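# Results of the structural survey
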Amino acid sequence: MSTRTAASLRANRASWVHRIRYAVRHPNRILPYARRGARDLRLRLIHRDHIAYYRAVMASDTARDPKAAVGSHSQERWLALGRMQFDYLVEHGLRPEHRLLDIGCGNLRAGWHIIAYLDEGGYYGIDISPDIMIEAKKALVEHGLQAKLPHLTVTRDLTFDFLPDNHFDVVHAHSVFSHSPIEVIDQCLAHVGRVLAPGGFFDFTFDRTEGTEHHVLREDFYYRTGTLLSLAERHGLAARLMEDWEERPHGQSKIRVTTRA
Ligand SMILES: C[S@@+](CC[C@H](N)C(=O)[O-])C[C@H]1O[C@@H](n2cnc3c(N)ncnc32)[C@H](O)[C@@H]1O
């Protein structure tokens, strides 16, 4: 059952009208929101570029609770969200012999399922946050996946300049563009075609709006589907909204990108 209603797709969470209505409906969330806003303002003043800022957000969130830092507020939810991503990939083309690039892999919420499923060395996870990557290593140990020899690399951009041409059958980014300004998405789409193997695909999720594009605290970004489809097309890629993902109990939408050739 989709969690996206017509009202949620039109909402502009950055507007004062929305914020006041939200505060009236959820008075217990005012204080945590104010604290988060104050922390984010301080981090934005220290770190002027988005990646440095978001890396600092992740450091702060991970220190408090690594699972909540990737958006799951309980172990049960962390397991379920990882499983949902993995099941969808397998239902939509992932095979054990594939090589997969997981952009913004976090603490391997989906990654540990994918690593267990792929042949040795098939998984490549990248993330901007060294703090969450330390948690990723812990998840690897917890799940006894050392022998699968996954690659885990900290990055600060999405040019993939250290990765070979035509290498990955699957590229995956879950809940990453929902935290990314358009320049970051643009950079990724400009370069992902080079690392995709022939016949490969790139699936990413995003927070969808069908109203005004906006962001909240420069942490959560809301885009129109058309904006992202056009951006992919401008980089010579084919892109489509994955309608069947809309039925999953997850607040974001998913786009699949393929190379035109
Ligand atoms: C909400 S978490 C999701 C993690 C993982 N994909 C999952 O579903 O569990 C977002 C992750 O993306 C990372 N991230 C955010 N912006 C990024 C970027 N531009 N490049 C790579 N990683 C990024 C964050 O550090 C964080 O680990």
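A short tour of the structure in this document, coming up.

Thresholds applied
Residues numbered from 1 in each chain as written. Predicted model: local features only at pLDDT ≥ 70, side-chain atom pairs only at ≥ 80, totals over all residues. Heavy atoms only, no water. Salt bridge = Lys/Arg side-chain N within 4 Å of Asp/Glu carboxyl O. Helix = DSSP H or I, 4+ residues; strand = E, 2+ residues; numbered from the N terminus. Buried < 20%, exposed > 50% of the residue type's maximum accessible area, 1.4 Å probe, protein only. Contact = heavy atoms within 4.5 Å.

### As for the pattern of salt bridges
- The tally for this structure, following the rule as stated, stands at 14 salt bridges.
- As a salt-bridge pair, arginine 194 and aspartate 165 come within 2.7 Å of each other at their nearest N and O atoms. On the criterion of sequence distance, the pair formed by arginine 194 in helix H9 (residues 182–195) and aspartate 165 in the loop between strand E3 (151–154) and strand E4 (168–173) is long-range, its members being 29 residues apart.
- According to the relative accessible area criterion, arginine 194 is partly exposed, its value standing at 29%.
- Judged by its relative accessible area of 47%, aspartate 165 is partly exposed.
- Residue glutamate 210 pairs with arginine 208 through a salt bridge whose shortest N-O separation is 3.0 Å.
- Since its relative accessible area comes to 14%, arginine 208 is described here as buried.
- Connected through salt bridges with shared partners, the residues Arg36, Arg39, Asp40, Asp61 and Glu219 form a single ionic network.

### Here we look at the environment of histidine 98
- On the secondary structure map, histidine 98 appears in the loop between helix H6 (75–91) and strand E1 (100–103).
- Residue histidine 98 is classed as buried on the basis of its relative accessible area of 9%.
- Counting along the chain gives 148 residues from histidine 98 to glutamate 246, while the straight-line C-alpha distance between them is 25 Å.
- In contact with histidine 98, not counting residues within four places along its chain, are Gly93, Leu118, Gly122, Asp169 and Val170.

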